[in-house]
Amino acid sequence: MTAGAYAHPTISRFAIADGMLRIGGLPVGLLAERAGTTPFFTYERTGLTRRVEELRRALPDDIHLSYAVKANPMPAVVQHFSRQVDGFDVASAGEMAVALDTPIPADRVSFAGPGKIPAELSRAVAARVTISLESETEALWVAAIGEWLGVRPRVAVRVNPDFQVKGSGMRLDGGSQQFGVDAEQVPALLTRLAAMDFDVLGFHVFADSQNLYADILAEAHGRTADLVVRLAGAAPQPVRYVNLGGALGIPYFERDQALDLATIGDNLAAVMSERLRPALPEARILLELGRFLVGEAGGYVTRVVDRKESRSHTFLVVDGGLHHQLAASGNFGQAIRKNYPVAIANRMGVPGAETVSVVGCLCTPLDLLARDVCLPRAEIGDLVAVFQARAYRMTASPTAFLGHPTPTEVLA
Ligand SMILES: *Cc1c(COP(=O)(O)O)cnc(C)c1O
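J.: I keep staring at the domain arrangement of the protein chain and nothing clicks. Help me out?
T.: Accessible area lost upon the coming together of the parts is a frequently used measure of interface size. Domain parsing of the protein chain yields domain 1 (9-43 + 298-411) and domain 2 (45-294). The C-alpha-based centres of domain 1 and domain 2 are spaced at 33 Å. Contacts between the two partners involve 17 residues from domain 1 and, on the opposite side, 18 residues from domain 2. In total, about 1700 Å² of surface goes out of reach between domain 1 and domain 2, with carbon and sulfur atoms giving 58% of it.

J.: Any chance you could explain the packing of helix α2 (residues 45-58) against helix α3 (residues 75-82) here in plain terms?
T.: Relative placement of two packed helices is described by the angle separating their axes and the distance separating the axes. For the pair α2 and α3, the least separation of the axes is 11 Å and the interaxial angle reads 40 degrees. As far as their axial angle goes, α3 and α2 are oblique. With respect to the hand of their crossing, α2 and α3 are arranged in right-handed fashion. Across from Arg45, Leu48, Thr49 and Val52 in α2, the residues of α3 making contact are Val77, His80 and Phe81. Taken together, the residues of the contact of α2 with α3 sort by class into four nonpolar, two polar and one charged.

J.: Please clarify how the pattern of salt bridges should be interpreted in this entry.
T.: Pairing is possible between side chains of opposite charge, provided their charged atoms come close. Under the defined criterion, the tally for this structure stands at 20 salt bridges. The residue aspartate 107 makes a salt bridge to arginine 108 at a minimum N-O spacing of 3.9 Å. On the basis of relative accessibility, which here comes to 34%, the residue aspartate 107 falls in the partly exposed class. Ionic pairing is found between aspartate 162 and arginine 230, a salt bridge with its closest N-O pair at 3.5 Å. Residue aspartate 162 is found in the loop between β9 (154-160) and β10 (164-167), and its partner arginine 230 is found in helix α8 (residues 214-232); the two are separated by 68 residues along the sequence. A residue is classified by how much of its surface remains accessible, and aspartate 162, at 40% relative accessible area, is partly exposed. Look at arginine 230 and you get exposed, because its relative accessible area is 52%.

J.: Quick question: what am I supposed to make of helix α5 (residues 118-127) here?
T.: It helps to recall that an α-helix has 3.6 residues per turn; residues three or four apart then point in one direction. Glu120, Leu121, Ala124 and Val125 are the residues of α5 that are buried. End-on view of α5: buried residues confined to an arc of 135 degrees, all on one side of the axis. If you follow the buried residues of α5, they end up packed against α4 (93-100), β7 (109-111), β8 (130-133) and α6 (136-149). Phi turns positive, to about 65 degrees, at arginine 128, one or two residues after α5.

J.: Which parts of the structure should I look at to understand the layout of surface pockets?
T.: Over the atoms a probe the size of a water molecule is rolled, and this reveals where empty space is left. Its volume calculated, the largest pocket comes out at about 850 Å³. Around the largest pocket, the lining is made up of 37 residues, and of these Lys70, Ser209, Gln210, Arg291 and Tyr392 lie nearest the centre. Tallied by class, the residues present in the lining of the largest pocket amount to 20 nonpolar, eight polar and nine charged. Each of domain 1 (9-43 + 298-411) and domain 2 (45-294) gives at least three residues to the lining of the largest pocket.

J.: Even after reading the chapter, I still don't get the site of the ligand, so can you show me in this structure?
T.: In the vicinity of the ligand, the contacting residues are Ala68, Lys70, Asp89, His204, Phe206, Ser209, Gln210, Glu288, Leu289, Gly290, Arg291 and Tyr392. Between the ligand and lysine 70 there is a distance of 2.7 Å, counted from an oxygen atom to a side-chain nitrogen or oxygen. The separation between an oxygen atom of the ligand and a polar main-chain atom of arginine 291 is 2.8 Å. Burial of the ligand by the protein amounts to 92% of the accessible area it has alone, namely 390 Å². In this structure the site holding the ligand corresponds to the largest pocket.

J.: Even after reading the chapter, I still don't get empty space enclosed by the protein, so can you show me in this structure?
T.: Scanning the model with the defined rule gives three cavities of 30 Å³ or more in all. In this model, the largest cavity occupies a volume close to 120 Å³. Taken together, 15 residues form the lining of the largest cavity, with Ala207, Asp208, Ala220, Thr224 and Leu244 sitting closest to its centre. Among the elements that line the lining of the largest cavity, the one with the most residues is α8, at four residues. Tallied by class, residues from the lining of the largest cavity come to ten nonpolar, four polar and one charged.

J.: Would you mind going over the nonpolar core with me for this structure?
T.: The nonpolar side chains of a soluble globular protein tend to be buried with one another. In terms of nonpolar packing, the biggest core is built from 107 residues, with Tyr67, Phe81 and Phe203 touching the most fellow members. Considering each element in turn, this core owes the most residues, nine residues, to α8. Taken together, domain 1 (9-43 + 298-411) and domain 2 (45-294) each give at least three residues to this core, which thus spans both.

J.: I tried to follow the sheet that holds strand β2 (residues 20-23) on my own but got confused; where do I start?
T.: Strands in a sheet are paired, the pairing made by backbone hydrogen bonds, and the direction either parallel or antiparallel. Taken together, three strands build an open sheet; the order of strands is β1-β2-β3 and the sheet is antiparallel. The open sheet has two edge strands with one neighbour each: β1 (15-17) and β3 (26-27). Alignment of β1 against β2, held across three bridges, turns out to be antiparallel. By the bridge assignment for β2, alanine 15 is matched with arginine 22.

Parameters and conventions
- Residues numbered from 1 in each chain as written.
- Predicted model: local features only at pLDDT ≥ 70, side-chain atom pairs only at ≥ 80, totals over all residues.
- Heavy atoms only, no water.
- Domains from an automatic or database assignment.
- Contact = heavy atoms within 4.5 Å.
- Buried area = accessible area lost by both parts, 1.4 Å probe.
- Axes fitted to C-alpha atoms, helices over the stretch in contact; angles between N-to-C directions.
- Helix = DSSP H or I, 4+ residues; strand = E, 2+ residues; numbered from the N terminus.
- Parallel < 35°, antiparallel > 145°, perpendicular 65-115°, else oblique.
- Left-handed = near helix turned anticlockwise from the far one by under 90°.
- Nonpolar A, V, L, I, M, F, W, Y, C, P; charged D, E, K, R; others polar.
- Salt bridge = Lys/Arg side-chain N within 4 Å of Asp/Glu carboxyl O.
- Buried < 20%, exposed > 50% of the residue type's maximum accessible area, 1.4 Å probe, protein only.
- Arc of directions from axis to C-beta.
- 1 Å grid on protein atoms, 1.4 Å probe; cavity = no way out; pocket = protein on both sides within 12 Å on 5 of 7 lines; lining within 4 Å.
- Points joined across faces, edges and corners; volume = space filled by probe spheres on them.
- Near = heavy atom within 4 Å.
- Polar contact = N/O pair within 3.5 Å; in protein donor to acceptor, adjacent residues only side chain to side chain.
- Areas by Shrake-Rupley, 256 points an atom, 1.4 Å probe, with all protein chains shown as cover.
- Sits in = over half its atoms within 2 Å of the grid points.
- Core = buried A, V, L, I, M, F, W, Y, C linked by side-chain atoms within 4.5 Å.
- Pairing = 2+ DSSP bridges.

Shown next, in the form of structure tokens:
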């Protein structure tokens, strides 16, 4: 049995009035009416903005922030971020189209990811976004496409680092990967790129995700800077782009601690002024972040449609489920299932009264949103909010599974 979920730091980010959770200043009950249906996802503009502000306060002034669109590709969210961040990182031509619809200039959009096919690459070359080259095959395609279109492609080399960082019980290690070009192969690739008609802007290093250890991140940023400075010696043109990756995590589970941003910011300031700026004075230096920017700024709201007892255990059956929340169900990259923070959105502040499991409406025992959580007594018609719900939720869940409607999204 876990204690009441209300203590989770994310839940305390939201306002509560008359026992009702508010998102974007609006009671969730009214948001459900506005959405016209449950379940639905809702995010708050103020939460998105506040997050960027928090981060900017901690980081050096001259670092750029790029939003990794795959964390939440809702066009309204991407539009919102176009006024907050300096660029977008996209992982498909579909995401690229969403990014290019915003006021962010194309040269501030980068396109990364393995397996980019010629049809996508030609869209990217034509749009003049920065293509993060993941292999030599991609480089050859991009060169041919550039020649065909009469456009000089803008590229960066994505590097799979050759260092290891250990600390706080966690290890960051490039190892063998399908992402990027191994650091030791980069100089040879740069020599080949120099012989082709490319604008080689610089380097992209992204080898980690969902990291909550500031000491590891700080060391990784320093090692990444050293690696990039070393590789810059083989670059055919001055380095104008250094993407240090991101990996800033958010606390999903009860014992997770929120990241110490001050440590990360102070370290980055030193890394930039002592190592990157002197060696690469023309470089735009950036961090690219997905879940850190969106993950905590909203929730998934689903309605209790049944309440049943089975051999002394109570189940709250809701109208949502793992088809929208694969990660909360524990079936997306978790070795041991842990509960995401949940609350009865219309009974906030009411003490926990019973231990229940919240299950979804799919015909599989995997469809579990929370197991053995202590919640106030909930009735049919109540609203259950699942937090940390947005990054990689809807679009990384099997929404077609069992043929239920695709959930609505509301930006409040
Ligand atoms: C997914 C991805 C990100 C975002 O990762 P988060 O853990 O959500 O911050 C950033 N950069 C690249 C290249 C990615 O593929």
